[in-house]
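Structural characterization, general
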Amino acid sequence: MKTVDPEDPFTLVGVGLAEDPDDEALTDMAWAVFEEYVRLGFTGEQIVHLFHNPFFQLAHQILRVKGEPFVRELADAADRLRAEAQAHLRAVG
């Protein structure tokens, strides 16, 4: 295993927040999580499963605070955006 180097810019660093994020911040974070996994090729449904897994702490917190309908809405939007992008690529290429 690689030893920890304090100068390594890729070292994971967790930080705590002084207060809980507000609704707008949670929405932004949820979109960021979805975007990350969509770019990795996950479907909306696969991402929803991540939100249900407590191992993925941020995603799971968003699910607990914002609720299942919110997460499902993001999943549907992510799948729609992917379909539109794929259709555009087929049309131009």
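See the structure above.
Now for a look at the structure at hand.

Calculation notes
Residues numbered from 1 in each chain as written. Predicted model: local features only at pLDDT ≥ 70, side-chain atom pairs only at ≥ 80, totals over all residues. Heavy atoms only, no water. Salt bridge = Lys/Arg side-chain N within 4 Å of Asp/Glu carboxyl O. Helix = DSSP H or I, 4+ residues; strand = E, 2+ residues; numbered from the N terminus. Buried < 20%, exposed > 50% of the residue type's maximum accessible area, 1.4 Å probe, protein only. Arc of directions from axis to C-beta. Patch = residues over 30% accessible without salt bridge, like charges linked within 9 Å, V, L, I, M, F, W, Y side chains within 5 Å. Areas by Shrake-Rupley, 256 points an atom, 1.4 Å probe, with all protein chains shown as cover. Lys, Arg positive; Asp, Glu negative; His and termini not counted. Charge placed at Lys NZ, Arg CZ, Asp CG, Glu CD. Contact = heavy atoms within 4.5 Å.

Per the counting criterion, the structure on display carries 4 salt bridges. Where Lys66 meets Asp23, a salt bridge forms, and the shortest distance between an N and an O atom there is 2.6 Å. Separated by 43 residues along the polypeptide, Lys66 in helix H3 (residues 57-66) and Asp23 in helix H1 (residues 23-39) bring together distant segments of the chain. Overall, the relative accessible area of 19% leaves Lys66 in the buried class. For the salt bridge of Arg72 with Glu68, the shortest nitrogen-to-oxygen distance reads 2.7 Å. With Arg72 and Glu68 both in helix H4 (residues 68-92) and 4 residues apart, the pair spans about one turn of that helix. A relative accessible area of 26% places Glu68 in the partly exposed class. The structure contains a network of salt bridges with shared partners spanning Glu45, Glu68 and Arg72.

All of the buried residues in H3 are Ala59, His60, Ile62, Leu63 and Lys66. What you see down the axis of H3 is that its buried residues fit within an arc of 155 degrees, all on one side. Facing away from the buried side of H3 by over 90 degrees, the exposed positions are Gln57, Arg64 and Val65.

We now examine a negative patch on the surface. A cluster of acidic residues, Glu19, Asp20, Asp22, Glu24 and Asp28, forms a negative patch at the surface. By the secondary structure assignment, Glu19 is in the segment before H1. On the basis of relative accessibility, which here comes to 63%, the residue Glu19 falls in the exposed class.

Okay, the side chain of His60 next. Turning to its location among the elements, His60 is positioned in helix H3. With residues up to four places along the chain from it excluded, the contact list for His60 reads Phe51, His52, Asn53 and Pro54.

So, on to the environment of Arg80. Turning to its location among the elements, Arg80 is positioned in helix H4. Judged by its relative accessible area of 49%, Arg80 is partly exposed. In this structure, the C-alpha to C-alpha distance between Arg80 and Asp8, residues 72 residues apart in sequence, is 38 Å.

These figures come from the coordinates and say nothing about function on their own.
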